[in-house]
Amino acid sequence: MEKFSSLARFKSSCPFLGGTKTSTLRALSSTISPRFSSISQLTEQAVNCPIMGPALVMRSTQMVAGYASIAGQADVQKIHHSKGIFPGTSVSEADISKCPHASAARAAARMADDLASASTTKAPEAKPEVLSTAQKAAAAGCPFHKAAATAKEQPAKSPVMTETQTTPATSDVYNYDKFYAVELEKKHKDQSYRYFNNINRLATKFPIAHTASVKEEVQVWCANDYLGMGNNPVVLETTHRALDKYGAGAGGTRNIAGNSAMHLGLERELATLHRKDSALVFSSCYVANDATLSTLGSKLPGCVYFSDASNHASMIQGIRHSGAKKEIFKHNDLDDLEAKLQKYPKDTPKIIAFESVYSMCGSIGPIKEICDLAKKYGALTFLDEVHAVGLYGPRGAGVAEHLDWESQMMAGQSSEPIKDSVMDRIDMITGTLGKAYGNVGGYVAGSRDLIDMIRSYAPGFIFTTSLPPATVAGARASIIYQKHCIGDRALKQVNVRNVKERFAALDIPVVPGPSHIVPVLVGDAGLAKAASDKLLHQYGIYVQAINFPTVAVGEERLRVTVTPRHTAEQIDGLIAAMDAVFTELNINRISEWTKLGGRANVGTGKENVEPIWSDAQINIAGEPRTLHDGEIPFVDVNAVQIVRKSFEGLLGAVGSETERKVEAVELSEAERKVEAVLMTGAVEHIAGALAKKVKAPQTPVNPIALPVAPTVEVSA
């Protein structure tokens, strides 16, 4: 009843609607009533209509009753557990908000109360008898339903603060709790409210996780641990060793007690990865982007930012916090970018901020061409490689490295820049340690003075506790490993191609792109959430729904992440489950989007996009093959040894102490066996000497199992 589009049908028959301008109706329908927070100004006016008023009240009563019946169904407990909420002795506001039917029922009850109150001249508080609508929502099957309605039924109390009362109930004090509830209700109403599933990834079973119940296991198909490095054996080994030696925390900010050899070593590793002078590590790449962009924009006089329309929220926030002027150019549109650059003198400080891989659509930025424009118009370049580091390039430095594959590969592990290469032409590169590298943290790499300036001025770096040494060690181990092992990212590309091709064969829409991102288009927030829930609860497949504001309204999707550790059998299960869910929920397929004119480049004839990884590049890894259930994932022994060697100065040789302990136990056992043989032989010798008789040949003594040099195994 709040949707403006439905009013057009009644304009000819209703004097009020017919005599009101369309613009006025639109404004009234989109503005919340100042007296009743759950309805619009238009609805407030409509309740006084002799026709519409009773219809609104009847419909609201039906809605309350409907939610009550839903809450009483037998599967309500399963719904609660899937949202990570469990009925206990007390029910919080957060629990009510997470419960889908309780929050909706509370909203319906609130709307019913407001409608009843709006039809009189009195304020809502003067009509206690109409609160019976909330009671109808308190179905027996849902304790959260009961709590929501009970809270509504509580009589007015004197304005005395208690432990659970955060806002005094007085007319002269702002009602903060009501404000929170209204804001949350907006999210529920437009279906953008975020539900977090309880997913606990298992280190020894990647990509398997258990849910809130440790006995219920599901396959994870949406994590950003793109290569499974979060449980790579040498990463875990290095993290454990650093934890045992340096403890759990960093001890403070980098300026106070948190600047360790581990942090400096990681920053040298990152600088070498991108062949830059320096790098700076942050607690996340969100912070790295925000701190770098806000600091530069506020310090460069008259700076103007040129930001891609699809940039990540961290970049948008950094530019906003800088206070600098900004120009937003159409996504990957070089003509639009140049048109905006032309508006400013060449000596005006400019920064072009963009990404290499855009994570929600899978497109790749035109990095080389943007560098050309930056040179032409005197701009700096800021490249976010968050969804590319570890996944592209011969050493995993990202798309900028990948674009000059041959020359970058020939340069090997040198830290020296390759002059005029794409990566060399980028002034600032940011990346994350929390995706392909399977850890946590972010960074920026660039020239020595640039990094030193950010280090000296950025509050997001100066005033934040630094990452723990063990975390930093694990991140560095992951980077070193991927620098020397191309197999993981090559196999990932093989699996991604397989999934994309099989989805296309079933007419399942994937937003086309040349990267590893597999965005399955749904096109509706409610359907996307329903599809995600159905995949999880019926098929044991976890794929999170992506809704507004992460993607545009009408372009909601399921973002599938395919890793090198997913097996052929798991891929088969994903394809079959997705096909079934699309059929069960009647979600549009490619052919249907084509009839509708297309959406998000699906159904527009742009589906065939050449992947950025070529067959030749993939086959450098030796024609990687998808794993099957029960097979042990490949671990590059050479890369493991290089990682271990890199940490010997701080952590010592791997296994030196452990191996000595093992060797001592084994030698002790060997000595025992030798002694036993010695004593047996001596007794036999004495017995033989005393008997002076020829005896039957003795059974040969079993050979002694002498200990061999112990080794430390690396298993997946």
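Everything numeric in this text was worked out from a predicted model, so none of it was measured.

**Student:** What exactly am I supposed to notice about the overall build of the chain here?
**Tutor:** If you tally the helices and strands in the chain, you get 30 helices and 14 strands. Burial status across the chain gives 47% buried among its 716 residues. Of the contacts formed within the chain by residues at least 6 apart in sequence, a portion of 70% connects residues at least 24 apart. On the chain, roughly 34800 Å² of surface is accessible, and the fraction owed to carbon and sulfur atoms is 56%.

**Student:** Explanation requested: the sheet that holds strand E13 (residues 545-546) in the structure shown.
**Tutor:** Backbone hydrogen bonds hold the strands of a sheet together, and the pairing may be parallel or antiparallel. Ordered in space as E11-E14-E13, the 3 strands form an open sheet in which the pairing is antiparallel. For this open sheet the edge positions go to strand E11 (518-521) and E13, each flanked by a neighbour on one side alone. By the bridge criterion, 4 bridges tie E11 to strand E14 (residues 557-560) in an arrangement that is antiparallel. By the bridge assignment, Leu-521 is partnered in E14 with Arg-557.

**Student:** Whenever I open this one, the nonpolar core confuses me. Can you help?
**Tutor:** The nonpolar side chains of soluble globular proteins are, as a tendency, buried together. By size, the foremost hydrophobic cluster in this structure holds 78 residues, and its most contacted members are Ile-352 and Tyr-481. Ranked by residues supplied to this core, first place goes to helix H22 (residues 469-483) with 8 residues. Ignoring any residue separated from it by four or fewer positions in sequence, one finds Tyr-481 in contact with Met-229, Asn-232, Val-234, Asp-488, Phe-634, Val-635, Asp-636, Ala-639, Val-640 and Val-643. Counting 26 residues, the second-largest nonpolar core is a separate cluster that includes Val-510, Val-518, Ile-575 and Met-578.

**Student:** Looking at this structure, I do not really get the sheet that holds strand E2 (residues 208-210). What am I missing?
**Tutor:** Taken in spatial order, the 4 strands line up as E1-E2-E3-E12 in an open sheet, and their pairing is mixed. Whereas interior strands pair on both sides, the edge strands pair on one side only; in this sheet they are strand E1 (200-201) and strand E12 (541-542). One ladder, built from 2 bridges, connects strand E3 (residues 217-220) with E12; its direction is parallel. Along E12, the bridge assignment pairs Gln-219 with Ile-541.

**Student:** Where do I start with the packing of helix H13 (residues 285-299) against helix H14 (residues 313-322) in this structure?
**Tutor:** Geometrically, a packed helix pair is captured by the angle between its two axes and the distance between the axes. At a minimum axis distance of 7 Å, the contact between H13 and H14 shows a crossing angle of 30 degrees. Comparing their axes, H14 and H13 come out roughly parallel. You can see that H13 and H14 cross each other, and the crossing is right-handed. Contacts between H13 and H14 involve Cys-285, Tyr-286, Asn-289, Asp-290, Leu-293, Ser-294, Gly-297 and Ser-298 from the former and Ala-313, Ser-314, Met-315, Gln-317, Gly-318, Ile-319, His-321 and Ser-322 from the latter. The class makeup of the residues in the contact of H13 with H14 is 6 nonpolar, 9 polar and 1 charged.

**Student:** Before we go on, may I ask you to explain the packing of H22 against helix H28 (residues 637-646) in this structure?
**Tutor:** The interhelical angle for the contact between H22 and H28, taken along N-to-C directions, is 140 degrees, at an axis separation of 9 Å. By the angle between their directions, the pair H22 and H28 is classed as oblique. Once H22 is placed against H28, the crossing between them reads as right-handed. From H22, Arg-476, Ala-477, Ile-480 and Tyr-481 reach across to H28, where they touch Ala-639, Val-640, Ile-642, Val-643 and Ser-646. Of the residues belonging to the contact of H22 with H28, the class tally is 7 nonpolar, 1 polar and 1 charged.

**Student:** Sorry if this is basic, but what is going on with the pairing of strand E5 (residues 304-308) here?
**Tutor:** The two faces of a sheet get side chains in turn, since along a regular strand they alternate between them. In terms of burial, E5 is a largely internal element, 5 of the 5 residues being buried. A two-sided burial pattern is seen for E5, the buried positions comprising Val-304, Phe-306 and Asp-308 on one face and Tyr-305 and Ser-307 on the other. Sheet topology note: the E5/strand E6 (residues 325-329) ladder contains 5 bridges and is parallel. Bridge pairing links Val-304 to Lys-325 in E6. Taken together, E5, H14 and E6 constitute a β-α-β crossover, and its handedness is right-handed.

**Student:** Explain the pattern of salt bridges to me, please; I cannot follow it from the model alone.
**Tutor:** For the structure on display, the rule yields 22 salt bridges. A salt bridge links Glu-555 to Arg-557; the shortest N-O distance between them is 3.4 Å. Accessibility expressed as a relative area gives 26% for Glu-555, which makes it partly exposed. In the salt-bridge network here, residues are joined through shared partners; they are Glu-269, Arg-476 and Lys-483.

**Student:** Looking at this structure, I do not really get helix H11 (residues 233-246). What am I missing?
**Tutor:** Given 3.6 residues per turn, any residue in an α-helix points the same way as the ones three and four places further on. Compared with an ideal rise of 1.5 Å per residue, which puts 14 residues at 20 Å, H11 spans 20 Å between its outermost C-alpha atoms and is within 8% of the ideal. Burial in H11 covers these residues: Pro-233, Val-234, Val-235, Glu-237, Thr-238, Arg-241 and Ala-242. Packed against the buried residues of H11 are helix H12 (261-273), H22, H28 and helix H29 (648-651). Two to three positions downstream of the cap, the backbone nitrogen of Val-234 sits 3.0 Å from a side-chain oxygen, assigning the N-cap of H11 to Asn-232.

**Student:** Explanation requested: H14 in the structure shown.
**Tutor:** Ser-314, Met-315, Gly-318, Ile-319 and Ser-322 are the residues of H14 that are buried. One face of H14 carries all of its buried residues, which in axial projection span an arc of 135 degrees. Contacts made by the buried residues of H14 are with H13, E5, E6, strand E7 (350-355) and strand E8 (379-384).

**Student:** What is the right way to look at the side chain of Arg-489 in this model?
**Tutor:** With respect to the helices and strands, the residue Arg-489 is situated in helix H23 (residues 487-505). Of the side chains with opposite charge, Glu-401 comes closest to the buried, unpaired Arg-489, at an N-O distance of 6.1 Å. Polar contacts involving the side chain of Arg-489 include one to the main-chain carbonyl oxygen of Gly-393, which spans 3.1 Å. Among the polar contacts listed, one links the side chain of Arg-489 to the backbone oxygen of Pro-394, at a separation of 2.8 Å. Setting aside its immediate chain neighbours within four residues, Arg-489 contacts Leu-227, Gly-390, Leu-391, Tyr-392, Gly-393, Pro-394, Arg-395, Gly-396, Gln-482 and Trp-613.

**Student:** Whenever I open this one, a nonpolar patch on the surface confuses me. Can you help?
**Tutor:** Together, Val-173, Tyr-174, Tyr-176, Phe-179 and Tyr-180 give the surface a local cluster of nonpolar side chains, amounting to about 500 Å² of exposed area. By relative accessible area, Phe-179 is classed as partly exposed at 38%.

**Student:** Before we go on, may I ask you to explain the confidence of the model for the chain in this structure?
**Tutor:** Regions with low pLDDT should not have their predicted coordinates read in detail. Summing up the model confidence of the chain, the mean pLDDT is 82 and the portion of residues at 70 or higher is 73%. This stretch, residues 685-716, has a pLDDT under 50; its non-local contacts, to residues over four places away or in other chains, come to 23 contacts.

**Student:** Would you take a moment to explain the packing of aromatic side chains for this structure?
**Tutor:** Within a pair of aromatic rings, the relevant descriptors are the distance that separates the centres and the angle that separates the planes. If you walk through the whole model with that rule in mind, you get 7 aromatic pairs. For the pair Tyr-174 and Phe-179, a centre-to-centre distance of 6.5 Å together with 55 degrees between the ring planes defines the contact as tilted. Considering the side-chain rings of Trp-405 and Trp-613, the 5.3 Å spacing of their centres and the 75 degrees angle between planes classify their relative orientation as edge-to-face. One end of the pair, Trp-405, is in helix H18 (residues 405-411); the other, Trp-613, is in the loop between helix H26 (590-595) and helix H27 (615-619), with 208 residues separating them in the sequence. For the pair Trp-405 and Trp-613, one class covers both residues: buried. Following the ring pairs from residue to residue traces out a cluster consisting of Tyr-174, Tyr-176, Phe-179 and Tyr-180. The side chain of Arg-476 reaches across the aromatic face of Phe-647, ending 4.9 Å from its centre. A cation sits over an aromatic face here: Lys-529 above Tyr-195, 4.7 Å from the ring centre.

Quick notes on the rules
Residues numbered from 1 in each chain as written. Predicted model: local features only at pLDDT ≥ 70, side-chain atom pairs only at ≥ 80, totals over all residues. Heavy atoms only, no water. Helix = DSSP H or I, 4+ residues; strand = E, 2+ residues; numbered from the N terminus. Buried < 20%, exposed > 50% of the residue type's maximum accessible area, 1.4 Å probe, protein only. Contact = heavy atoms within 4.5 Å. Areas by Shrake-Rupley, 256 points an atom, 1.4 Å probe, with all protein chains shown as cover. Pairing = 2+ DSSP bridges. Core = buried A, V, L, I, M, F, W, Y, C linked by side-chain atoms within 4.5 Å. Axes fitted to C-alpha atoms, helices over the stretch in contact; angles between N-to-C directions. Parallel < 35°, antiparallel > 145°, perpendicular 65-115°, else oblique. Left-handed = near helix turned anticlockwise from the far one by under 90°. Nonpolar A, V, L, I, M, F, W, Y, C, P; charged D, E, K, R; others polar. Right-handed = clockwise from strand over helix to strand, strands pointing away. Salt bridge = Lys/Arg side-chain N within 4 Å of Asp/Glu carboxyl O. Expected span 1.5 Å × (residues − 1). Polar contact = N/O pair within 3.5 Å; in protein donor to acceptor, adjacent residues only side chain to side chain. Arc of directions from axis to C-beta. Lys, Arg positive; Asp, Glu negative; His and termini not counted. Patch = residues over 30% accessible without salt bridge, like charges linked within 9 Å, V, L, I, M, F, W, Y side chains within 5 Å. pLDDT = per-residue confidence, 0-100. Phe/Tyr/Trp six-rings, centres within 6.5 Å; stacked < 30°, edge-to-face > 60°. Lys NZ or Arg CZ within 6 Å of the ring centre and 35° of its normal.

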